Amino acid sequence: MDAHATQVQGMFGRIAHRYDLLNRVLSARRDVAWRRAALNMWSGTPEDVLDLACGTFDLGLEAVALGKSRRVHGCDFCQPMLVAGAAKRAGRPVTASVGDALRLPYADGAFDGAMAAYGWRNFGDPLASAQELRRVLRPGGQVLIVEFLRPTHWWPKTFYATFGAAVFPAVGGLLAGDASAYRYLNDSIKRFVSLPEAVQILERAGFTDVRSLSFFGGVSHALAARVPA
Ligand SMILES: C[S@@+](CC[C@H](N)C(=O)[O-])C[C@H]1O[C@@H](n2cnc3c(N)ncnc32)[C@H](O)[C@@H]1O
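This section reports on the structure supplied with the text. Computed from a predicted structure; not experimentally measured.

**Quick word on the overall build of the protein chain**
Okay, so step 1: Assigned secondary structure in the protein chain consists of 10 helices and 7 strands.
Okay, so step 2: Over its C-alpha atoms the protein chain spans a radius of gyration of 16 Å, differing by no more than 12% from the 17 Å that the globule rule assigns to 229 residues.
Okay, so step 3: Taken along its principal axes, the extent of the C-alpha atoms in the protein chain is 45 × 40 × 35 Å.
Okay, so step 4: Counting every position in the protein chain, which comprises 229 residues, the buried fraction comes to 53%.
Okay, so step 5: The long-range share in the protein chain, meaning contacts at least 24 apart out of those at least 6 apart in sequence, stands at 70%.
Okay, so step 6: Per element, the accessible surface of the protein chain, about 9,700 Å² overall, is 56% carbon and sulfur.

The structure is reproduced here in structure tokens:
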């Protein structure tokens, strides 16, 4: 793993115990609605779905609850995040494995669906990680990415320049004892790809039928696409 990945892994390890609480507080619970709306971009009920960067399993559990997956295979390179979410997945068809987004520990075509919520921005290489998601999907499989993308319009730009810059680190410091992790959150969004770039990357990775949704005026996004059948 390179220095960036090691730093990201350590950071999520430090905030894992307060991760869910911070998500709910900083988004005023909108994160729950955004994952749900994103999952509704998928058609049918894929059998085996990879939840990459699953963290504490919120996306995978929502997918099962909505009938958007029969079985979810959570994968994350930060063991403390998997531990923090362990009680939530008890008794549900959601498994957990430790693995890196750039070298997924799965065979080609292993899944009918693959998804990642708020992980892609952290993977270090957006194209290589999209290609890995493409590799582990069977022909006709669906992908879903929920992410904070670099804002290009005035409202999300203003949101991140004001609320994101001031409130994220202040609340992160107060509730998780780690202001720097929430400063990283805001900085990583400004450095990441924009929506048109994200669409291009998914197409370059071999996906087709790329569709997007934006939430809260472009503060968050979801992208869904397919592997050609
Ligand atoms: C912001 S959290 C998102 C968690 C969850 N998907 C959610 O919606 O709440 C980002 C997650 O990505 C994981 N992550 C970051 N880089 C990764 C990588 N290269 N490989 C695997 N997981 C990674 C982190 O450990 C963390 O759990």
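Let's pick the thread back up.
**Side note on the sheet that holds strand β5 (residues 137-147)**
Okay, so step 1: Read across the open sheet, the 7 strands follow the order β3-β2-β1-β4-β5-β7-β6; overall the sheet is mixed. The sheet is open, and its two edges are formed by β3 (94-98) and β6 (208-215), each paired on a single side. Averaged over all adjacent pairs, the angle separating strand axes in this sheet is 15°, with direction ignored.
Okay, so step 2: The pairing of strand β2 (residues 71-76) with β3 spans 5 bridges and is classified as parallel. From the neighbouring strand, Gly74 faces β3, where its bridge partner is Ala96.
Okay, so step 3: Docked against the sheet, helix α4 (residues 58-65) engages β1 (48-52), β2, β3 and β4 (111-117), running at close to 130° with respect to β4.

**Quick notes on the site of the ligand**
Okay, so step 1: Taken together, 19 residues are adjacent to the ligand, and Tyr19, Ala53, Asp76, Ala101 and Ala117 come closest.
Okay, so step 2: Taking Asp76, its side chain carries an N or O atom lying 2.6 Å from an oxygen atom of the ligand.
Okay, so step 3: In this structure, Asp100 approaches the ligand through a side-chain N or O atom, which is 3.2 Å from a nitrogen atom.
Okay, so step 4: Contact with the protein chains removes 97% of the 590 Å² of surface that the ligand exposes when unbound.
Okay, so step 5: Where the shell around the ligand is concerned, the elements lending two or more residues are α1 (3-15) and α2 (19-27).
Okay, so step 6: In terms of residue class, the shell around the ligand is built from 12 nonpolar, 4 polar and 3 charged.

**Details of the packing of α2 against helix α3 (residues 30-39)**
Okay, so step 1: Put simply, α2 and α3 touch, their axes get as near as 7 Å, and they point 95° apart. Put simply, α2 runs roughly perpendicular to α3. When α2 is examined against α3, the residues Asn23, Arg24 and Ser27 are found in contact with a partner set consisting of Arg30, Asp31, Val32 and Arg35.

**Quick look at α3**
Okay, so step 1: Regarding α3, the residues found buried are Asp31, Val32, Trp34, Arg35, Ala38 and Leu39. End-on view of α3: buried residues confined to an arc of 165°, all on one side of the axis.
Okay, so step 2: Each element contacted by the buried residues of α3 is listed here: α2, α4, β4, β5, β6 and β7 (220-226).

**A look at the nonpolar core**
Okay, so step 1: Ranked by internal contacts, the top residues of the largest apolar core, which has 40 residues, are Phe12, Met115, Leu144 and Tyr182.
Okay, so step 2: With near-sequence residues (within four places) excluded, Tyr182 lies in contact with Ile15, Leu22, Leu26, Phe168, Pro169, Gly172 and Ala176.
Okay, so step 3: Counting 30 residues, the second largest nonpolar core, distinct from the first, contains Ala101, Trp120, Ala130 and Ile145.

Conventions we followed
All chains use their own residue numbering, which begins from 1 and follows the written sequence. Thresholds applied to this predicted model are a pLDDT of at least 70 for local features of residues and 80 or more for the giving and counting of side-chain atom pairs; totals over whole chains, interfaces and linings are not thresholded and use all residues. The basis for every side-chain value is the complete set of heavy atoms in the structure, and neither hydrogens nor water enter the calculation. The way it works is that DSSP assigns letters per residue, a run of H or I at least four long becomes a helix, a run of E at least two long becomes a strand, and they are numbered from the N terminus. This radius of gyration counts C-alpha atoms alone. The globule rule is 2.2 Å times how many residues there are, raised to the power 0.38. In this scheme, a residue with accessible area under 20% of its type's maximum is buried, one over 50% is exposed, and one in between is partly exposed, where area comes from a 1.4 Å probe on protein chains only. For this analysis, residues touch if any pair of their heavy atoms sits within 4.5 Å. In this description, accessible areas are obtained by the Shrake-Rupley approach with a 1.4 Å probe, and a residue is regarded as covered only by the protein chains that are shown. Strands qualify as paired when DSSP identifies two bridges or more between them. Angles shown run from 0 to 180 degrees and are taken between the N-to-C directions of axes, each axis being a line fitted to C-alpha atoms and, for helices, limited to the stretch in contact. Here a residue is considered near a molecule or strand provided that any single heavy atom belonging to it is located within 4 Å of it. Whenever a nitrogen or oxygen atom comes within 3.5 Å of another N or O atom, the pair is scored as a polar contact, on the condition that within protein one atom can donate a hydrogen and the other can accept it, and that pairs from neighbouring residues in sequence are kept only if both atoms are in side chains. Gly is put with the polar residues, along with every residue not named as nonpolar or charged; the nonpolar set is Ala, Val, Leu, Ile, Met, Phe, Trp, Tyr, Cys and Pro, and the charged set is Asp, Glu, Lys and Arg. In this scheme, roughly parallel covers angles under 35 degrees and roughly antiparallel covers those over 145, while 65 to 115 is roughly perpendicular and the rest are oblique. The arc under discussion is defined with respect to the helix axis, by the directions toward the C-beta atoms. To form a nonpolar core, buried Ala, Val, Leu, Ile, Met, Phe, Trp, Tyr and Cys residues must be joined to one another through side-chain atoms within 4.5 Å.

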